[in-house]
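Structural description and commentary
The primary structure of each chain is shown beneath.
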Amino acid sequence: MDIESTDQGETRFCAGAWGRVKALPGKLKAKVISIAKSIKKLGQDDPRRLTHSLKVGLALTLVSLLYYARPLYDGFGVSGMWAVLTVVVVSEFTVGGTLSKSLNRGFATFLAGALGIGADYFASLFGKKGEPIVLGILVFLLAAAATFSRFLPRIKARYDYGVVIFILTFSLVAVSGYRVDELVVLAHQRLSTIIMGGATCMLISIFVCPVWAGEDLHKAVASNLEKLATYLEGFESVYFQISCEEDDGRAVVSKGGKSFVEGYKSILNSKSSEESLANFARWEPGHGRFRLRHPWKQYLKIGALARQCAYLIEAVNGCIHSDIQASQEFKSKIEGSCTRMSAECGKALKALATAVKTMTDPYSANSHVENSKAAMKDLEFALKATSIDNADFLEIVPAATVASILVEIIKCVEKISEAVHELSHQAHFNKTVESTASPEKPQQQLLHRGIIQPVSDADGNDNVVIVIHEMSTDSPENEKPVLHHHPQEPKPAQRMPV
């Protein structure tokens, strides 16, 4: 029995092993296809990535001539490898990133090399015994001071790579000077090859299919404003007119098979990328529509306000998907005002995004901002007119919370509008003919609402008093018919005996 069990176990093991071996080619093929599809998708998402790879290969090929060509090799020697290393470490995707690293490396190498030679000469004055001690002290002091400077915000943001190269170069020159006799020749060769490598990268980055960090930042800010506008314009279908499926007890709103309200979430984590692009954009020369000293910091201000608005939208989205929902009766009373508030904010943000994208004066957003503020006043009036004495507290709070967040979104959109107008002034956006004249405010038709109250005068005669209030057609009651019992329209809150 034991022999038979052992034979059966060996048979099953061999069968399983053979099955895995037979399945190996299929798994390998599937893995290769998966990797190929990922690479293809990566290139299709942004074809500039493939171009950047080819540019780096071209730069490496050109600087390799310092090693391949005999005349160049005789002039630079083994130091030609520093040009190759320079190309590898300074090549960045954007022009600003390449210029930043190249200039940081060039100036840091020059300064550190000069100080290293000076430190070596100064240490030699103390004789053979005192020279290594003095060199050690100088290396310690400069390395410690340079490392501490990396914690300064301005140095960290723009010159961190240069400080690292300074520490490295100074230490190499100062320490190697103790053993190398021709230190100046060695420093000159290394500096020359580093400059050649950096110059090659900068020229190729600028003149061969350039990728401008400033242009990417410009497009990213405009795109973020459009994403916010898309959500706010679709707010009505999300919150008030939900015609969607239920998924795990929560509403799922789809548009084209994909949730169209999720776009704003990419804005929540956009701070680091925007700051990096703005930092690189400062290093770039003037190009296209962007002059040399373009106000890139203003883009960061607009981006910060856009993130603030996105966080408010995230709070609204949380209320929409909350398990506790407001009653339809209360929501219907504030539906008109909230819908107008969100729609006008969305139109304002879309107009601002278009203005930023086309670099034109954002005058068209002003009317939408004013309309959203008027709708906010209508919401206040609707809430005052709503009786909540006998209403359930839990049926009111969710909708009231959404309404209060919409009010904050209006204030945030107003700040974004002011920031875009400031950017328009600083960057000298093109002014259209319509923008020279002050935009007219939209005419609001005034309706009147009356309250009839029976009263008695001193003589005992019965009279009827009508209290009439002016109200905008934008208010929730604008759909109610208005009956006029008099030939002339009275003033607001005027009492007329009938």
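Reading the values: rules and limits
Every chain is numbered independently, its residues counted from 1 as its sequence is written. Reporting of local features is limited, given that this is a predicted model, to residues whose pLDDT is at least 70; pairs of side-chain atoms are given and counted only at 80 or more, and all residues count toward the totals for whole chains, interfaces and linings. Based on all heavy atoms of the structure, the side-chain values leave hydrogens and waters out of the count. Runs of H or I in DSSP of at least four residues are treated as helices and runs of E of at least two as strands, each being numbered from the N terminus. Burial classes follow relative accessibility: with a 1.4 Å probe on protein chains only, a residue under 20% of its type's maximum area counts as buried, one over 50% as exposed, and anything between as partly exposed. Areas reported as accessible are Shrake-Rupley estimates using a 1.4 Å probe. Residue values count occlusion only from the protein chains shown. Whenever a carboxyl oxygen of Asp or Glu lies within 4 Å of a side-chain nitrogen of Lys or Arg, that contact is scored as a salt bridge. Residues enter a nonpolar core if they are buried and are Ala, Val, Leu, Ile, Met, Phe, Trp, Tyr or Cys, with the set joined through side-chain atoms within 4.5 Å. Here, two residues are considered to be in contact whenever any of their heavy atoms come within 4.5 Å of each other. Angular values range over 0 to 180 degrees, each being the angle between N-to-C directions of two axes fitted as lines to C-alpha atoms, with helices fitted over their stretch in contact. Put simply, angles under 35 degrees are roughly parallel, angles over 145 are roughly antiparallel, angles from 65 to 115 are roughly perpendicular, and the rest are oblique. Should the near helix be turned anticlockwise from the far one by less than a right angle, the crossing is termed left-handed; should it be turned clockwise, right-handed. Here the term charged refers only to Asp, Glu, Lys and Arg, the term nonpolar to Ala, Val, Leu, Ile, Met, Phe, Trp, Tyr, Cys and Pro, and the term polar to all other amino acids, Gly among them. In predicted models, pLDDT denotes the confidence assigned by the predictor to each residue on a 0 to 100 scale. The criterion for an aromatic pair is that two Phe, Tyr or Trp rings (for Trp, the six-membered ring) have centres within 6.5 Å, with stacked assigned to planes under 30 degrees apart, edge-to-face to planes over 60 apart and tilted to the rest. The directions from the helix axis to the C-beta atoms form the arc being described. Like charges within 9 Å and nonpolar side chains (Val, Leu, Ile, Met, Phe, Trp, Tyr) within 5 Å are joined into patches, using only residues over 30% in relative accessible area that form no salt bridge.

1. Points about the overall build of the protein chain
- On a plain count of helices and strands, the protein chain comes out with 18 helices and five strands.
- When burial is assessed residue by residue, the protein chain has 38% of its 498 residues classed as buried.
- For the protein chain, the exposed surface amounts to about 29,200 Å²; the carbon and sulfur share of it is 61%.

2. Overview of the pattern of salt bridges
- Under the criterion given, the structure shown has 14 salt bridges.
- For Arg48, the salt bridge identified is with Asp216, shortest N-O distance 3.1 Å. Of this pair, Arg48 sits in helix H2 (residues 48-63) while Asp216 sits in helix H11 (residues 213-233), and the two are 168 residues apart along the sequence.
- Using a relative accessible area of 31% as the deciding quantity, one classes Arg48 as partly exposed.
- The buried category is assigned to Asp216, whose relative accessible area is 17%.

3. Considering the nonpolar core
- Judged by nonpolar contacts, the single largest core of 63 residues is most densely connected at Leu225, Leu228, Leu349, Ile409 and Ile416.
- Among the elements of the structure, H11, helix H12 (235-239), helix H13 (271-281), helix H14 (296-320), helix H15 (328-358), helix H16 (365-385) and helix H17 (393-426) are those that each provide at least two residues to this core.
- Here Leu349 is in contact with Leu225, Leu228, Ala229, Leu232, Val413 and Ile416, once residues within four sequence places are set aside.
- In terms of nonpolar packing, the next biggest core, distinct from the first, is built from 14 residues, Ala108, Ala119, Val139 and Val163 among them.

4. Here's the deal with the packing of helix H5 (residues 81-90) against helix H6 (residues 95-124)
- Where H5 contacts H6, the two axes come as close as 9 Å, and the packing angle between them is 140 degrees. On the basis of their axis angle, the class for H5 and H6 is oblique. Where H5 crosses over H6, the handedness of that crossing is right-handed. Of the residues in H6, those touching H5 at Trp82, Thr86, Val89 and Val90 are Gly97, Thr98, Lys101, Ser102 and Arg105.
- Residue composition of the contact of H5 with H6, by class: three nonpolar, four polar and two charged.

5. What to know about unusual backbone geometry
- Within the chain, Met359 stands out as a residue other than glycine whose phi angle is a positive 55 degrees.
- Its place among the elements puts Met359 in the loop between H15 and H16.
- Backbone geometry at His428 places phi at a positive 55 degrees, although glycine is not the residue there.
- Positionally, His428 belongs in the loop between H17 and helix H18 (433-436).
- The exposure class of His428 is exposed, given its relative accessible area of 57%.

6. Looking at the confidence of the model for the protein chain
- Here the protein chain shows a mean pLDDT of 80. Residues at 70 or above account for 77%.
- Per-residue pLDDT stays below 50 along residues 243-258; that stretch engages in 17 contacts with residues further than four places along the chain or on separate chains.

7. Here's the deal with the packing of aromatic side chains
- All told, the structure shown has seven aromatic pairs when counted by the stated rule.
- For the pair Tyr231 and Tyr264, a centre-to-centre distance of 5.4 Å together with 70 degrees between the ring planes defines the contact as edge-to-face. Here Tyr231, found in helix H11, pairs with Tyr264, found in the loop between strand E2 (250-252) and H13; they are 33 residues apart in sequence, far enough to count as distant. Across the pair, exposure class does not vary: Tyr231 and Tyr264 are buried alike.
- Their ring planes at 35 degrees and their centres at 5.5 Å tell us that Trp296 and Tyr299 sit as a pair that is tilted.

8. With respect to the environment of Leu103
- Along the chain, Leu103 turns up in helix H6.
- With near-sequence residues (within four places) excluded, Leu103 lies in contact with Met202 and Trp283.

9. Quick notes on H5
- Every buried residue belonging to H5 is among Ala83, Val84, Thr86, Val87 and Val90, and all of these are buried. Burial along H5 is one-sided: seen end-on, the buried residues are contained in an arc of 160 degrees.
- On its buried face, H5 sits against H2, helix H3 (65-68), H6, helix H9 (160-176) and helix H10 (183-207).

10. A short note on the side chain of Thr169
- Inspection of the secondary structure puts Thr169 in helix H9.
- In this structure Thr169 touches Thr109, Ala112 and Gly113, once residues within four positions along its chain are discounted.

11. What to know about a nonpolar patch on the surface
- On the surface, a nonpolar cluster with roughly 750 Å² of combined accessible area is contributed by Leu58, Leu62, Leu65, Tyr67, Tyr68, Leu72, Val78 and Met81.
- For the nonpolar patch, the secondary structure elements donating two or more residues are H2 and H3.
- In terms of residues, the nonpolar patch owes the most to one element, H3, which gives three residues.
- The topology assignment puts Leu65 in helix H3.

12. What about the packing of H2 against H5?
- Running from N to C, H2 and H5 cross one another at 170 degrees; their axes reach a closest spacing of 9 Å. The angle between the axes of H2 and H5 places the two elements in the roughly antiparallel class. Here Val56, Ala59, Leu60 and Val63 of H2 come into contact with H5, specifically with Ala83, Val84, Val87 and Val88.
- Tallied by class, the residues present in the contact of H2 with H5 amount to eight nonpolar, no polar and no charged.

13. Looking at the environment of Trp283
- With respect to the element layout, Trp283 can be found in the loop between H13 and H14.
- Once residues lying within four places of it in the same chain are set aside, the contact partners of Trp283 are Gly96, Leu99, Ser100, Leu103, Asn104, Arg158 and Tyr159.

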